[in-house]
Amino acid sequence: QQPVQSPQAVILREGEDAVINCSSSKALYSVHWYRQKHGEAPVFLMILLKGGEQKGHEKISASFNEKKQQSSLYLTASQLSYSGTYFCGTLPGGGADGLTFGKGTHLIIQP
Amino acid sequence: SQTIHQWPATLVQPVGSPLSLECTVEGTSNPNLYWYRQAAGRGLQLLFYSVGIGQISSEVPQNLSASRPQDRQFILSSKKLLLSDSGFYLCAGVNYGYTFGSGTRLTVV
């Protein structure tokens, strides 16, 4: 089952904050977040495992609420380099099955 | 760290022609490997995954097949391409998160 991402697109001014949400109808073992620039491959940002943890990476952080089967990606004080499409990928179990990705959220940062 | 190599970067093929895309992995032994396809402006669709030599799991029925002849080699093939096979093909390996190759942009004409 494909996770649902929201919003589909967001336009921000440099320095503003953004939140991207990812929800699943299935119980989740882990949630991954990736960023893809136009014409390039996705790049791994972070992984959140079952346990409701929150992680941070410079000004990008994420949370995972396993009870609600939801994850959110937080981008604070956005920079021009944050522009791209953000994908969440989910795994219902800890096995080798591949990630199921959402449709993506297009983020445009304007100067 | 793990590096995924893919080639070619772009490919234009006529309908009905065969396809072979190769993915090789550097820096990890016995990796789990994945083939994804991304249609223009769309999300990533899992096509195949492999946990070892000769072991292939297919996620969707389609005109494609995959093989894992060596530990660090993952091949995506088709005997006869369809127009709907066009897309951006990405190979990925797992090393905590997924590491993607640079992809092959396939256009079937």
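Relevant structure appears above.
Residues numbered from 1 in each chain as written. Chains lettered and ligands numbered in written order. Predicted model: local features only at pLDDT ≥ 70, side-chain atom pairs only at ≥ 80, totals over all residues. Heavy atoms only, no water.

### Concerning the overall build of chain B
And step 1. A tally of regular secondary structure across chain B gives 0 helices and 11 strands.
And step 2. Helices and strands in chain B line up, N terminus first, as β-β-β-β-β-β-β-β-β-β-β.
And step 3. With respect to the three principal axes, the spread of C-alpha positions in chain B is 35 × 25 × 20 Å.
And step 4. In chain B, of all internal contacts separated by at least 6 residues, the share reaching a separation of at least 24 is 52%.
And step 5. Counting every atom, chain B has about 5,100 Å² of accessible surface; 53% of that belongs to carbon and sulfur.
And step 6. Where the 7 positive side-chain charges of chain B centre and where its 5 negative ones centre are 8 Å apart. (Helix = DSSP H or I, 4+ residues; strand = E, 2+ residues; numbered from the N terminus. Contact = heavy atoms within 4.5 Å. Areas by Shrake-Rupley, 256 points an atom, 1.4 Å probe, with all protein chains shown as cover. Lys, Arg positive; Asp, Glu negative; His and termini not counted. Charge placed at Lys NZ, Arg CZ, Asp CG, Glu CD.)

### A short note on the state of the cysteines
And step 1. For the structure shown, the criterion picks out 2 disulfides over all chains.
And step 2. Here C22(A) is linked by a disulfide to C88(A), with a sulfur-sulfur distance of 2.1 Å. One disulfide, between C22(A) and C88(A), carries an S-S torsion of 75° and so falls in the right-handed class. Linking C22(A) in strand β3 (residues 18–23) with C88(A) in strand β9 (residues 84–91), this pair joins segments that are 66 residues apart in sequence.
And step 3. Residue class for C22(A) comes out buried when judged on its relative accessible area of 3%.
And step 4. Across the disulfide, C23(B) is cross-linked to C91(B) (sulfur-sulfur distance 2.0 Å). One quick way to see it: the torsion about the S-S bond of C23(B) and C91(B) is about -65°, and its sign makes the bridge left-handed. Remark: C91(B) occurs in strand β9 (residues 87–95) and C23(B) occurs in strand β3 (residues 19–26); sequence separation between them is 68 residues. Across this residue pair, the class does not change: C23(B) and C91(B) are buried. (Disulfide = S-S within 2.5 Å. Buried < 20%, exposed > 50% of the residue type's maximum accessible area, 1.4 Å probe, protein only.)

### Quick notes on the sheet that holds β3(B)
Residues and elements named next belong to chain B.
And step 1. With respect to topology, 4 strands assemble into an open sheet ordered β1-β3-β8-β7, the strand pairing being antiparallel. The open sheet has two edge strands with one neighbour each: β1 (3–7) and β7 (65–70). Pairwise comparison of adjacent strand axes, ignoring direction, gives a mean angle of 20° for this sheet.
And step 2. For β3 and strand β8 (residues 73–78), the ladder comprises 6 bridges, and the chain directions are antiparallel. Following the sheet pairing, L21 is matched in β8 by L76. (Pairing = 2+ DSSP bridges. Axes fitted to C-alpha atoms, helices over the stretch in contact; angles between N-to-C directions.)

### What to know about the pairing of β1(B)
Side-chain direction in a regular strand flips from residue to residue, so the side chains alternate between the two faces of the sheet.
Residue and element names in this part refer to chain B.
And step 1. Only one face of β1 is covered, namely the one carrying I4 and Q6; the face carrying T3, H5 and W7 has none of its residues buried.
And step 2. Both β1 and β3 contribute to a ladder of 5 bridges, which runs antiparallel. Note that in β3 the partner of T3 across the bridge is E26.

### Remarks on the packing of aromatic side chains
And step 1. All chains considered together, the criterion is met by 14 aromatic pairs over all chains.
And step 2. Between Y34(B) and Y98(B), the ring centres sit 4.9 Å apart and the planes meet at 20°, which makes this aromatic pair stacked. Separated by 64 residues along the polypeptide, Y34(B) in strand β4 (residues 33–38) and Y98(B) in strand β10 (residues 97–100) bring together distant segments of the chain.
And step 3. Its relative accessible area of 1% is what places Y34(B) among the buried residues.
And step 4. Within the aromatic cluster, the residues linked to one another by ring pairs are Y34(A), F44(A), F87(A), F101(A), Y34(B), Y36(B), Y49(B), Y96(B), Y98(B) and F100(B). (Phe/Tyr/Trp six-rings, centres within 6.5 Å; stacked < 30°, edge-to-face > 60°.)

### Describing the interface of chain A and chain B
And step 1. In this assembly, 18 residues from chain A lie in contact with 19 residues from chain B.
And step 2. Carbon and sulfur atoms supply 60% of the area that chain A and chain B bury against each other, a total of about 1,500 Å² over both sides.
And step 3. Considering only the surface of chain A that becomes buried against chain B, P42(A), A96(A) and F101(A) emerge as the three largest contributors, covering 29% of it.
And step 4. Summed over the shared surface of chain A and chain B, the number is 0 salt bridges.
And step 5. Here chain A is connected to chain B by 5 residue pairs in polar contact (both at pLDDT 80 or more).
And step 6. A total of 3 residues in the side of chain A that touches chain B trace back to one element, the largest contributor, which is strand β4 (residues 30–36) of chain A.
And step 7. When grouped by side-chain class, the residues that make up the side of chain A that touches chain B number 9 nonpolar, 5 polar and 4 charged. (Buried area = accessible area lost by both parts, 1.4 Å probe. Salt bridge = Lys/Arg side-chain N within 4 Å of Asp/Glu carboxyl O. Polar contact = N/O pair within 3.5 Å; in protein donor to acceptor, adjacent residues only side chain to side chain. Nonpolar A, V, L, I, M, F, W, Y, C, P; charged D, E, K, R; others polar.)

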